[in-house]
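# Analysis of the macromolecular model
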Number of protein chains: 2
Amino acid sequence: MTITDVARAAGVSIAVVSYALNGRRGVSETTRRHVLKVAQDLDWRPSAAARSMRTDAVTSVGLQALDGTSSTHSASAALDLAAGLRGVLDGVALAVEVAADPRSGAADLERSWSERRHTAFVVPDLLVDDPRVRVAARVGAPVVAITPPVPGAGGAERTVWFDGAAEEAVGRYLVDLGHRDIVLLAASADGDVSRALHSGLLTATAGLVATVTVVEASSAAAGAAAARLFTDEQRPTAVVTDGDLTALAVLEAARHRDLRVPWDVSVVSGADAATCRLVDPQLTAVARPWHDLAPAVAAALQVGPAAAPPTARLVIRGTTAPPPAPVVT
Amino acid sequence: MTITDVARAAGVSIAVVSYALNGRRGVSETTRRHVLKVAQDLDWRPSAAARSMRTDAVTSVGLQALDGTSSTHSASAALDLAAGLRGVLDGVALAVEVAADPRSGAADLERSWSERRHTAFVVPDLLVDDPRVRVAARVGAPVVAITPPVPGAGGAERTVWFDGAAEEAVGRYLVDLGHRDIVLLAASADGDVSRALHSGLLTATAGLVATVTVVEASSAAAGAAAARLFTDEQRPTAVVTDGDLTALAVLEAARHRDLRVPWDVSVVSGADAATCRLVDPQLTAVARPWHDLAPAVAAALQVGPAAAPPTARLVIRGTTAPPPAPVVT
DNA sequence: TTGAAAGCGTTACCAC
DNA sequence: GTGGTAACGCTTTCAA
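Residues numbered from 1 in each chain as written. Chains lettered and ligands numbered in written order. Predicted model: local features only at pLDDT ≥ 70, side-chain atom pairs only at ≥ 80, totals over all residues. Heavy atoms only, no water.

## A short note on the interface of chain B and chain A
To keep it simple, the criterion reads: Note on contacts: a residue pair is in contact if any heavy atoms of the two residues lie within 4.5 Å. Accessible area that two parts lose when put together, with a 1.4 Å probe and added across both, is what the buried area reports. For this analysis, a salt bridge means a side-chain nitrogen from Lys or Arg found within 4 Å of a carboxyl oxygen belonging to Asp or Glu. We call two N or O atoms a polar contact when they sit within 3.5 Å, provided that within protein one can donate a hydrogen and the other can accept it, with sequence-adjacent residues counted only if both atoms are side-chain atoms. The secondary structure listing takes helices from DSSP runs of H or I that are at least 4 residues long and strands from runs of E that are at least 2 residues long, numbered from the N terminus.
Across the contact, 43 residues belong to chain B and 43 residues belong to chain A. On the chain B side of the contact with chain A, B:Arg45, B:Leu79 and B:Leu278 bury the most area, a combined 17% of that side's loss. Put simply, chain B and chain A have four salt bridges between them. Between the two partners, chain B and chain A, sit 17 residue pairs in polar contact (both at pLDDT 80 or more). Looking at the side of chain B that touches chain A, the elements that each hand over two or more residues are helix H4 (48-54), helix H5 (72-88), strand S2 (93-99), helix H6 (102-114), helix H11 (244-256) and helix H12 (274-278) of chain B.

## Description of the protein's contact with DNA strand C
Our working definition: Think of it this way: one heavy atom of a residue within 4 Å of a molecule or strand is enough to make that residue near it. Classification used: nonpolar for Ala, Val, Leu, Ile, Met, Phe, Trp, Tyr, Cys and Pro, charged for Asp, Glu, Lys and Arg, polar for all others including Gly.
By nearness alone, 25 residues border DNA strand C, and A:Gly26, A:Arg54, B:Ile3, B:Tyr19 and B:Arg24 come closest of all. B:Ser47 is positioned such that a nitrogen or oxygen atom in its backbone is 3.1 Å from a phosphate oxygen of DNA strand C. For the surface near DNA strand C, the element with the most residues is helix H2 (residues 14-21) of chain B, which contributes four residues. Grouping the amino acids of the surface near DNA strand C by side-chain chemistry returns 12 nonpolar, eight polar and five charged.

## Focus: the domain arrangement of chain A
To keep it simple, the criterion reads: The split of the chain into domains comes from an automatic or database domain assignment.
In terms of domains, chain A is made up of domain 1 (1-45) and domain 2 (166-288). Taking only C-alpha atoms, the centre of domain 1 of chain A and the centre of domain 2 of chain A are 60 Å apart.

## A short note on the UniProt feature "domain: HTH lacI-type" (unreviewed entry) in chain A
Put simply, the test is: UniProt positions are given in the numbering used here, feature names are shortened, and annotations may be inferred rather than shown by experiment.
Following the UniProt record, one finds the feature "domain: HTH lacI-type" (unreviewed entry) at residues 1-55 of chain A. As annotated, residues 1-55 of chain A has a helix share of 67% and a strand share of 0%, and its two end C-alpha atoms lie 21 Å apart.

## What about the protein's contact with DNA strand D?
Near DNA strand D lie 26 residues; those nearest to it are A:Ile3, A:Tyr19, A:Arg24, B:Gly26 and B:Thr31. Restricting the count to atoms of DNA strand D within 4 Å of the protein gives a sugar and phosphate share of 62%. A distance of 3.3 Å is found between a base oxygen of DNA strand D and a side-chain nitrogen or oxygen belonging to A:Tyr19. Residue A:Arg24 places a side-chain N or O atom 2.6 Å away from a phosphate oxygen belonging to DNA strand D. For the surface near DNA strand D, the secondary structure elements donating two or more residues are helix H2 (14-22) and helix H4 (48-54) of chain A together with H2 and H4 of chain B. The leading source of residues in the surface near DNA strand D is H2(A), at five residues.

## Let's talk about unusual backbone geometry
A:Asp280 connects to A:Pro281 through a cis peptide bond whose omega is 0 degrees. For A:Pro281, the position within the fold is in the loop between helix H12 (274-278) and strand S10 (284-287). Here the bond from B:Val261 into B:Pro262 is cis, since omega is 10 degrees, no more than 30 degrees from zero. The topology assignment puts B:Pro262 in the loop between H11 and strand S9 (266-269).

## Considering the packing of aromatic side chains
Residue and element names in this part refer to chain A. Selection rule: Two aromatic rings from Phe, Tyr or Trp, using only the six-membered ring of Trp, form a pair when their centres are within 6.5 Å; if the ring planes differ by under 30 degrees the pair is stacked, by over 60 it is edge-to-face, and anything between is tilted. Type-normalised accessible area, obtained with a 1.4 Å probe on protein chains alone, sets the label of each residue: buried when under 20%, exposed when over 50%, and partly exposed for intermediate values.
For the structure shown, the criterion picks out eight aromatic pairs over all chains. Judged by centre distance (5.7 Å) and plane angle (75 degrees), the ring pair of Trp161 and Trp290 falls under edge-to-face. In this pair, Trp161 is assigned in the loop between strand S5 (158-160) and helix H8 (166-177) and Trp290 in the loop between S10 and helix H13 (294-300), connecting sequence segments 129 residues apart. A residue is classified by how much of its surface remains accessible, and Trp290, at 10% relative accessible area, is buried. Site record: aromatic cluster; members linked through ring pairs are Trp161, Phe162 and Trp290.

## Notes on the relation of the copies chain B and chain A
Relating one copy of the chain to the other requires a rotation about an axis plus a shift along that axis. To keep it simple, the criterion reads: Only residues with pLDDT of at least 70 in both copies count here: their C-alpha atoms drive the least-squares fit that superposes the copies.
Once chain B is rotated about the relating axis by 180 degrees and shifted along it by 0.1 Å, it coincides with chain A to within an RMSD of 0.2 Å. One copy is carried onto the other by what is essentially a two-fold rotation axis.

## Description of the sheet that holds strand S10 (residues 284-287) of chain B
All names here are of chain B. Let me state the cut-off plainly: At least two bridges found by DSSP between two strands is the condition for calling them paired. All axes here are fitted lines through C-alpha atoms, helices being fitted over the stretch that makes contact, and every angle between N-to-C directions spans 0 to 180 degrees.
Taken together, the six strands give an open sheet; going across it, the order is S7-S6-S8-S9-S10-S11, and neighbouring strands pair in mixed fashion. Looking along the sheet, the strands with just one partner apiece sit at the ends: strand S7 (211-216) and strand S11 (313-315). Strand after strand, the sheet turns through a mean of 20 degrees between neighbouring axes, direction not considered. For S9 and S10, the ladder comprises two bridges, and the chain directions are parallel. For Ser269, the partnering residue across the bridge sits in S10 and is Ala285. On the sheet, helix H10 (residues 222-231) packs against strand S6 (181-186), S7 and strand S8 (238-241) and is oriented at approximately 165 degrees with respect to S6. Set on the sheet, H11 makes contact with S6, S8 and S9; between it and S9 the angle comes to about 160 degrees.

Here it is as structure tokens:
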């Protein structure tokens, strides 16, 4: 079923069919309707390959998902964003490509690009100075990076992130409750979420007598790391994590140490997920609607109208409370 | 950078370049080496689009992931399989496409196929009588379905699933412990995992005085459903779920009812995940190495050597024990 | 308003 | 062994 078949069936030339289907002017309304009907009856669809050989418009975007064990929310976030894009991208195909880590992801991106598989890329889970962005810049591939704005410029031409300052809100909220000793437990300290949280915490505590400590531990080691935190002489009164898994680990570690959450220690999950609502007490978390980031990404890809990014917000549930009163001696 | 550039640079015709690069015979070894070197120097890569216009070999396979809220393990399982495939597929591109549900997935598949985006498809999260398989059969697209073998034939020509009988092992294990009243709490009763677990439980309890009940509840409603189970006069002594999220919900419901796991009730998660190891007690679960399914899938796609599917196994942790002794009156 | 024809980058057939 | 060259299905320019 090719354009030639349609042209023959409609009794016109292939040029007319092409015009009619791409909404170009130069075809009579009658002919256009006729052609459209014939095409529909034959249920013809233009070959993506043939089309992309002639045109250099954006016809297919590649979204790179990281499969690394580092950030567990990563995969679901990428898929969530992909689902959102699917609804927004019209006539543009979306392919999710899975990479093990940013480095091999960069190689994959270069390959995809040089084989003309995609005309643009979306890269989430950005590291500072991410190799994928560097490679894309080198070969000239359009890239939209999903990352909080990084002061030193990430190298990406186009960057999309949530509006508002949920991460600062986390800090402010904890500070307002009275917390002054906060630990950020992150699976990866230079992940996007960790960086955003860290700077948010620093902003909120600026000018106060307070400490913000970053502890890095893979999600497998998060339990042990949390346990260690709680055995310290001076244990933090609040723990913020960069993902739901790590938060869960903190919850279990606390339970193990007979610390009651939220009275003895507050816990905030840096990423909201179904698990956050399934544990008891339910986890206070930062909800990031990756799905709704899609319009802004489409705009950045120049395949959609300008769109404001959605807002990430702090969802206060049951794991946060004022710190325990200091023991008076 | 096209084949023409390479030909010019190497001082040969494009036909020779094509032959040399595709390992065809009919080129002298000297020429082949020379061409290969030039191509490498120019770092030329064949255009996937141009290539696929001429050849109808499998060059790109589409893996459909379901984004539905129904099964949460789904997304990560699909991504895990994708990661495995990426390592196994050589010279064949892999694109994950996200669909909201099997029905819209079927539409997407038809579209992808008719636009010649992919030459074969991999479909996980199969339902009985899945629309995606029906559509693929209708249009003639090669499909590999990831599903336990279904007696009435799923309609898919090619089917891949785990070896062994982990699901039966679940049933046998519970029966051996003494359980006779088992509930299968599933987010979706006709999901692949649920079906496998159900038939496994039935097989294990065959010929015994035992009841196996299936309760369907979305993961959001799983908590409520589990709570209901536990208030019943005759509550089950073991609950098997089709996913880690549901299992987590059951654990919380039990805790809420002051039922101690595993002494008062046993819980088995039908899918293993990081969360299963993070809760206390750790969840007994069925571990399915989706990643290792890749070679078998590649074989089914006829892009790799025959491969035996990996084994799913029951990982016994802390949420299973003999049922409580009946109260003697 | 329509049609013929020239590419786009490959592969593969057929001469040389 | 090697070099022309005709497809593949589409878009787009240029004439009619």
